[in-house]
Amino acid sequence: MTEEQFIMKHQATWKRLSELEKVFKHTKKSKIATKDADDFLMHYRDVSHDLAFARTHFPGSRTATYLNQLVASCHGLLYKRERITFKGLVHAVGTKFPYAHGKFGPQIVLAVVIFLIGATVAGVMTAINTQWAAFFLPQAFIDSVSRGELGGGDWNYPLMSSVIMTNNILVALKAFVFGILLGVGTVYVLFYNGAMLGALTILVYRFADPFVYWSLILPHGIIELHAIFISGAAGLLLARALLMPGLLKRSHAVIKVAKESMLLLLGVVLMLVLAGLIEGFITPLELSASLKYLFAFVTGMGSLFLSLRGIKLWKESGE
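Since this is a predicted model, take the numbers as computed values, not measurements.

I'd like a rundown of unusual backbone geometry, residues and numbers included.
Its identity is not glycine, yet L182 carries a phi of approximately 60°, on the positive side. In this fold, L182 is placed in the loop between α7 (157-177) and α8 (184-207).

In structure tokens form, the structure reads like this:
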């Protein structure tokens, strides 16, 4: 292939990347259309390959020089670090996170379904034979519930809040990171957490007071489960990028999903910190069950508002 033939074959791709380079230079990343971002990544990859070819077959040529300058400029735009400001953080939490929540709503729904399947399977097994709850819950916990004991005892509030937050954040991170195992790990985390809740609920209905039980679970549980579902959705997105990268190179697809998931995980961490504070400081208080149900209603409305705002922002984006 001559240099002229090489130029004629690939110049349309170079021109498109050059146009996108100008867009990226003069537009905030948050305002760049998803299609343009996808095209930029795809064309950047293709032009990088063309540069390697030109260096090999046409060293020192004007074509190789032009491609080298184009790729270098795009590389700088692609990996440019943006300063983190308080205003930017507020925008990320108040707008970008809800938007990502709305955009990936189907994956969140799928995470909920997997969780409910786990809860149903464990619930049915425990209803048939309460001893089978040991597959999902520690034996000491089962014995405690079987005696009708729910919560109580002396609480070290700061310590318990810290332990709860740490545990929940670890569960959420596992739900995301285990997506790298082609989604199997994420499915396991969602299924198993659902199974624990399903088995526990049946035990409570068999041996303890369900009204008190739900007053202890719901105030923090709504936010906590919502956060875990979002983390599970991020893990499922990671698995999809590995299995079905589409037009992108698999590594580029994974990087793209990982960056998008950071928005989800930022919101998840904040949600779990809030859930941990509620579980550590509010749940153990000797308040009436009615007041705790009222508190749960408020947290439920907060989760609903997040979901509806996310759907609204996503629809308005026109993607």
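So, next bit.
Lay out the packing of helix α9 (residues 210-243) against helix α11 (residues 289-317) with the relevant residues and their values.
Running from N to C, α9 and α11 point in directions that differ by 25°, and their axes come no closer than 9 Å. The orientation of α9 with respect to α11, classified from their angle, is roughly parallel. Once α9 is placed against α11, the crossing between them reads as left-handed. Taken together, the residues of α11 that come into contact with α9 (itself represented by P210, F211, W214, S215, L216, L218, P219, I222, I223 and H226) are A289, K292, Y293, F295, A296, T299, G300, S303, L306 and S307.

Can you lay out the nonpolar core for me, pointing to particular residues and giving the numbers?
If you look at the biggest cluster of nonpolar residues, it comprises 58 residues, and the most contacted ones within it are L17, F40, V47, L67, I230, L264 and M271. The element that contributes the greatest number of residues to this core is α9, accounting for twelve residues. Core analysis: the next-biggest nonpolar cluster, separate from the first, contains 13 residues, V145, V204, A208 and Y213 among them.

Tell me what's going on with a nonpolar patch on the surface, and back it up with residues and numbers.
Residues L170, L173, V177, F178, I180, L181, L182, V184, L243 and M244 make up a contiguous nonpolar surface patch of roughly 940 Å² in combined accessible area. In terms of residues, the nonpolar patch owes the most to one element, α7, which gives three residues. Considering the arrangement of structural elements, one finds L243 in helix α9.

An account of helix α1 (residues 3-26) is needed here, citing residue identities and associated values.
In this model, α1 (24 residues) spans 32 Å end to end at C-alpha, consistent with the 34 Å of a helix rising 1.5 Å per residue. At H10, α1 shows its maximal kink, close to 55°. Where α1 is concerned, the buried positions are F6, H10, W14, L17, S18, L20, E21 and F24. Tucked into the core, α1 has its buried residues touching α2 (34-57) and α3 (62-78).

About the thresholds
- All chains use their own residue numbering, which begins from 1 and follows the written sequence.
- Only residues with pLDDT of 70 or above have their local features reported here, since the model is predicted, and side-chain atom pairs are shown and tallied only from 80 upward, although totals for entire chains, interfaces and linings are computed over all residues.
- Side-chain numbers here rest on the full set of heavy atoms in the structure, without hydrogens or water.
- The helix and strand labels rest on DSSP assignments: H or I over at least four residues marks a helix, E over at least two residues marks a strand, and numbering proceeds from the N terminus.
- All axes here are fitted lines through C-alpha atoms, helices being fitted over the stretch that makes contact, and every angle between N-to-C directions spans 0 to 180 degrees.
- For this classification, under 35 degrees means roughly parallel, over 145 means roughly antiparallel, 65 to 115 means roughly perpendicular, and everything else is oblique.
- Handedness of a helix crossing follows the sense of rotation of the near helix relative to the far helix, less than a right angle counterclockwise being left-handed and clockwise being right-handed.
- In this analysis, two residues are considered to be in contact whenever any of their non-hydrogen atoms come within 4.5 Å of each other.
- Nonpolar cores are built from buried Ala, Val, Leu, Ile, Met, Phe, Trp, Tyr and Cys residues. Side-chain atoms within 4.5 Å join them into one set.
- Each residue gets one of three labels from its accessible area relative to the maximum for its type: buried under 20%, exposed over 50%, partly exposed in between, using a 1.4 Å probe on protein chains only.
- What makes a patch is a set of residues exposed beyond 30% relative accessible area and free of salt bridges, joined within 9 Å when like-charged and within 5 Å when nonpolar (Val, Leu, Ile, Met, Phe, Trp, Tyr).
- Accessibility throughout is a Shrake-Rupley quantity obtained with a 1.4 Å probe, and a residue counts as covered only by protein chains that appear here.
- What counts as a salt bridge is simple: a side-chain nitrogen of Lys or Arg found within 4 Å of a carboxyl oxygen of Asp or Glu.
- One fewer than the residue count of a helix, multiplied by 1.5 Å, yields its expected span.
- Across the chain, bend at a residue is computed as the angle between axes fitted to the seven residues ending at that point and the seven starting from it.

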